[in-house]
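# Structure assessment
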Amino acid sequence: MATGLAAGGRRLLLPLHLRAAHLLPPQSHLSSSASAAEGMDGGDRGGGRVKIFDRELKRRQRDRAAWAMGKTDALADAVADNLLDRLEDCRKAFPSALCLGGSAGAIRRLLRGRGGIEKLIMMDMSADMVRKWQEMENATDDSLETHFVVGDEEYLPIKESSQDMIISCLGLHWTNDLPGAMIQCRLALKPDGLFLAAILGGETLKELRIACTIAQMEREGGISPRMSPLAQILKKDTALATAAIYQSMFGLEDGTIPATFQVIYMTGWKEHPSQQKAKRRGSATVSFSDLQKQFGSNQS
Amino acid sequence: MRLLTHNMLASNARGASTGYPLKLQVVKWTTKEAEPNADFLRGMLPKLDWAALVAATHSLGLPGLLPESPPTDAELSADGAADDEGSALRRLHRALLEIHIEEGTLVCPDTERCFPISKGVPNMLLHEDEVRN
């Protein structure tokens, strides 16, 4: 995939590594760097794969989230709109597109004809979530062909080279093997196909994490390094302490509390001969020092 | 699930080589009429795996619906094609977009793993011990 995505992928490896190391039991710390490194390659699929998220549990959480989901969601809508905005910079049309999990509902709602999409497949691992999107779809009246599939983005059930675009809004941060999921997206894309994704970054909900950590230290005499990107359920008095600390440390004068969300946007293109390539090294015919003369000598 | 979606799905079950095309076993299907869109169909045509689509119509018990080879652009653009029930355009439109499979099964061609289609939505999830390495 093009360099933009490769760079994005590398940026994400470090937090993955750290999280993986946190979750290993103490006796295996000696081997933790080796096993985490294997997981980072995305090549170690199967038995020894680093498990950060319980995907079956995640699927059940998504089922519950489907029932609690409102018609709009300010955060998801803002991220989806920002992501879709990138399509307006593209002259290419993407007739068949695949929209993966997370806030796919927000993508569908805010698409408004962008990207020249004619056929959209919406996929999630939660059947209830897909059902909910289907209900929402029946209420919209634009003519976009929308299809629904229950599937797992870690094992993308899509034929190779069949999609013009794959878009994922706030879903891929729950995968155990992000590079692996992105490799599968690349396979499913046609040459010159576009991959667009937004995931939550490590700064997300930092206020909550800080408050959790302090409350746990105070009430339980230590912290458990078990926090994966999003917060976990704590003991009741620790939870109450967390709320109090959150309020006192970060609370605003009007009684509300702020929450930080860091969103990492990724764009990648599948290779195609028509795309621009870097020139061969040493093939330049003009020297940069000559260039400077052309523009005058404003700088010393 | 419409046959256009079937044309793009593949199995990831352990032991599958390509996992494509998925065999289709239909329990219940319906027809929902829609306006044909010639431009959309012409655009989709080169992206389709024609043999997989024809095989899918056969498993629905509609062997005569589509010809063995894909229609040409000229056939799809012929005058009055949108109104003529028997035209290549109408037939392709019917196969891809009007047929809805409500209940049935998709079967991996390599491993025979079955994926259920329930209330019109195919479920491609695999158990952890079933996924391809």
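Residues numbered from 1 in each chain as written. Chains lettered and ligands numbered in written order. Predicted model: local features only at pLDDT ≥ 70, side-chain atom pairs only at ≥ 80, totals over all residues. Heavy atoms only, no water.

### A short note on the overall build of chain B
Just so we agree on the cut-off: Only DSSP runs of H or I covering at least 4 residues are called helices, and only runs of E covering at least 2 are called strands; the numbering of each starts at the N terminus. Taken over C-alpha atoms, the radius of gyration is set against a globule rule of 2.2 Å times the number of residues to the power 0.38. We call a residue buried when its accessible area falls under 20% of the maximum for its residue type, exposed when it is over 50%, and partly exposed in between, using a 1.4 Å probe and counting protein chains only. Note on contacts: a residue pair qualifies if any of its non-hydrogen atoms lie within 4.5 Å across the two residues. Each accessible area value is a Shrake-Rupley result obtained with a 1.4 Å probe; residue values ignore everything except the protein chains displayed when judging cover. The charged-residue count follows a simple rule in which Lys and Arg add positive charge and Asp and Glu add negative charge, with His and chain termini not counted at all. The location of each charge is read from NZ of Lys, CZ of Arg, CG of Asp or CD of Glu.
Secondary structure summary: chain B contains 5 helices and 4 strands in total. Across chain B, helices and strands are ordered from the amino to the carboxyl terminus as α-β-α-α-α-α-β-β-β. The C-alpha radius of gyration computed for chain B amounts to 16 Å, which stays within 12% of the reference 14 Å derived for 133 residues, consistent with globular compactness. Taking all 133 residues of chain B together, 49% fall into the buried category. A separation threshold of at least 6 residues defines the contact pool for chain B, and within that pool the share at least 24 residues apart is 68%. About 6,100 Å² of surface is accessible on chain B, with carbon and sulfur atoms providing 49% of the total. Charged side chains of chain B number 13 positive and 19 negative; the gap between the two group centres comes to 6 Å.

### Digging into the pairing of strand 5 (residues 189-200) of chain A
Residue and element names in this part refer to chain A. The following threshold applies: Note on pairing: two strands pair once DSSP finds at least 2 bridges between them. If you view a crossover with the strands going away from you and the path from the first strand over the helix to the second runs clockwise, you call it right-handed.
Across the 12 residues of strand 5, 11 count as buried, placing the element largely inside the fold. Summarising the sheet, strand 4 (residues 163-169) and strand 5 pair through 6 bridges and their orientation is parallel. Considered in strand 5, the bridge of Ile166 is made with Phe195. In this fold, strand 4 hands off to helix 7 (residues 178-188), which returns the chain to strand 5; that crossover is right-handed. The sheet contact formed by strand 5 and strand 6 (residues 263-269) spans 7 bridges and is antiparallel.

### A word on the packing of helix 8 (residues 206-220) of chain A against helix 9 (residues 236-250) of chain A
Residue and element names in this part refer to chain A. Note the cut-off: Note on method: axes are straight lines fitted to C-alpha atoms, helices fitted across the in-contact stretch only, with angles between N-to-C directions ranging 0 to 180 degrees. In what follows, roughly perpendicular refers to angles from 65 to 115 degrees, roughly parallel to angles under 35, roughly antiparallel to angles over 145, and oblique to any angle outside these ranges. Should the near helix be turned counterclockwise from the far one by less than a right angle, the crossing is left-handed, whereas a clockwise turn marks it as right-handed.
Interhelical geometry of helix 8 versus helix 9 gives an angle of 130° and a closest axis separation of 8 Å. One way to sum up the angle between helix 8 and helix 9 is to call them oblique. Note that helix 8 runs across helix 9; the crossing there is right-handed. Contact residues: Glu207, Leu208, Ile210, Ala211, Cys212, Ile214, Ala215, Gln216, Glu218, Arg219 and Glu220 in helix 8; Asp237, Thr238, Ala241, Thr242, Ile245, Tyr246, Met249 and Phe250 in helix 9.

### Comments concerning the environment of His173 of chain A
Residue and element names in this part refer to chain A. Residue placement: His173 occurs in the loop between strand 4 and helix 7. On the basis of relative accessible area, His173 is assigned to the buried category, the value being 9%. In the structure, His173 is positioned 91 residues away from Ile264 in sequence and 9.9 Å away in space, judged by C-alpha atoms. Here His173 is in contact with Phe53, Ile199 and Leu200, once residues within four sequence places are set aside.

### Quick word on the UniProt feature "domain: Methyltransferase type" (unreviewed entry) in chain A
Using the following cut-off: UniProt positions are given in the numbering used here, feature names are shortened, and annotations may be inferred rather than shown by experiment.
The sites that carry the UniProt feature "domain: Methyltransferase type" (unreviewed entry) are, in the present numbering, residues 98-196 of chain A. Split by type, residues 98-196 of chain A is 31% helix and 32% strand. Its first and last C-alpha atoms lie 10 Å apart.

### Concerning the nonpolar core
Stated formally: We call a set of buried Ala, Val, Leu, Ile, Met, Phe, Trp, Tyr and Cys residues a nonpolar core when their side-chain atoms join them within 4.5 Å.
Judged by nonpolar contacts, the single largest core of 59 residues is most densely connected at Leu156 and Ile166 of chain A together with Leu92 and Leu106 of chain B. With residues up to four places along the chain from it excluded, the contact list for Leu106 of chain B reads Met1, His6, Leu9, Leu22, Lys23, Leu24, Arg113, Cys114, Phe115, Ile117, Pro122 and Met124 of chain B. Of all hydrophobic cores here, the second largest spans 36 residues; its members include Ala80, Leu84, Leu111 and Ala198 of chain A.

### A few points about the packing of aromatic side chains
Residue and element names in this part refer to chain A. In plain terms, the rule: Pairing of aromatic rings covers Phe, Tyr and Trp, the last through its six-membered ring, and needs centres within 6.5 Å; plane angles under 30 degrees mean stacked, over 60 mean edge-to-face, and all others mean tilted.
The final tally for this structure, using the stated rule, is 2 aromatic pairs over all chains. Relative to Phe250, the ring of Tyr246 lies with its centre 5.6 Å away and its plane at 75°, an arrangement referred to as edge-to-face. Here Tyr246 and its partner Phe250 are both found in helix 9, 4 residues apart, which amounts to about one turn of the helix. Phe250 gets classed as buried once you look at its relative accessible area, which sits at 19%.

### Thoughts on the sheet that holds strand 6 of chain A
All names here are of chain A. Taken in spatial order, the 6 strands line up as 3-2-1-4-5-6 in an open sheet, and their pairing is mixed. A strand with exactly one partner marks an edge of an open sheet, and here the two such strands are strand 3 (145-150) and strand 6. With direction set aside, neighbouring strand axes in the sheet form an average angle of 15°. Pairing of strand 1 (residues 96-102) with strand 2 (residues 119-124), which is carried by 5 bridges, proceeds in the parallel orientation. For Leu98, the partnering residue across the bridge sits in strand 2 and is Ile121. Strand contacts of helix 7: strand 1, strand 4, strand 5 and strand 6, with the helix running at about 150° to strand 5, the strand carrying the most contacts.

### Here's the deal with the interface of chain B and chain A
The accessible area lost on association of the parts is a frequent measure of interface size. Spelled out, the test is: Buried area: the accessible area, evaluated with a 1.4 Å probe, that two parts lose upon being put together, summed over both parts. The rule for a salt bridge is simple: a side-chain nitrogen of Lys or Arg has to be within 4 Å of a carboxyl oxygen of Asp or Glu. Here a polar contact means two N or O atoms within 3.5 Å. Within protein one must be a hydrogen donor candidate and the other an acceptor candidate, and residues neighboring in sequence count only if both atoms are side-chain atoms. Just so you know the grouping, Ala, Val, Leu, Ile, Met, Phe, Trp, Tyr, Cys and Pro go in nonpolar, Asp, Glu, Lys and Arg go in charged, and all remaining residues, Gly too, go in polar.
Opposite the 25 residues of chain B that make contact, chain A presents 31 residues. Summing both sides of the interface, chain B and chain A together bury roughly 2,300 Å²; the carbon and sulfur share of this comes to 61%. Lys47 of chain B is the partner of Asp164 of chain A in a salt bridge, and the nearest nitrogen-oxygen pair spans 3.5 Å. At the boundary of chain B and chain A, one finds 10 residue pairs in polar contact (both at pLDDT 80 or more). Elements with a contribution of two residues or more to the side of chain B that touches chain A: helix 1 (3-6), helix 2 (38-44) and strand 4 (121-122) of chain B. In terms of residue class, the side of chain B that touches chain A is made up of 13 nonpolar, 6 polar and 6 charged.

### Comments concerning the sheet that holds strand 1 (residues 23-31) of chain B
Residues and elements named next belong to chain B. If you trace the 4 strands from one edge of the open sheet to the other, you get 1-2-3-4, paired in antiparallel fashion. Among the strands making up the open sheet, the edge pair consists of strand 1 and strand 4. Relative to strand 2 (residues 99-107), strand 1 is paired through 8 bridges, and the arrangement is antiparallel. Counted as the bridge partner of Lys23 is Val107 from strand 2.

### Structural notes on the packing of helix 3 (residues 55-68) of chain A against helix 6 (residues 127-139) of chain A
All names here are of chain A. It is at 7 Å that the axes of helix 3 and helix 6 come closest, and there the two elements cross at 30°. Classed by the angle they form, the pair helix 3 and helix 6 counts as roughly parallel. For the pair helix 3 and helix 6, contact is made by Arg62, Asp63, Ala65, Ala66 and Trp67 and by Ala127, Asp128, Met129, Lys132 and Trp133, respectively. A breakdown of the residues in the contact of helix 3 with helix 6 according to their chemical character gives 6 nonpolar, no polar and 4 charged.

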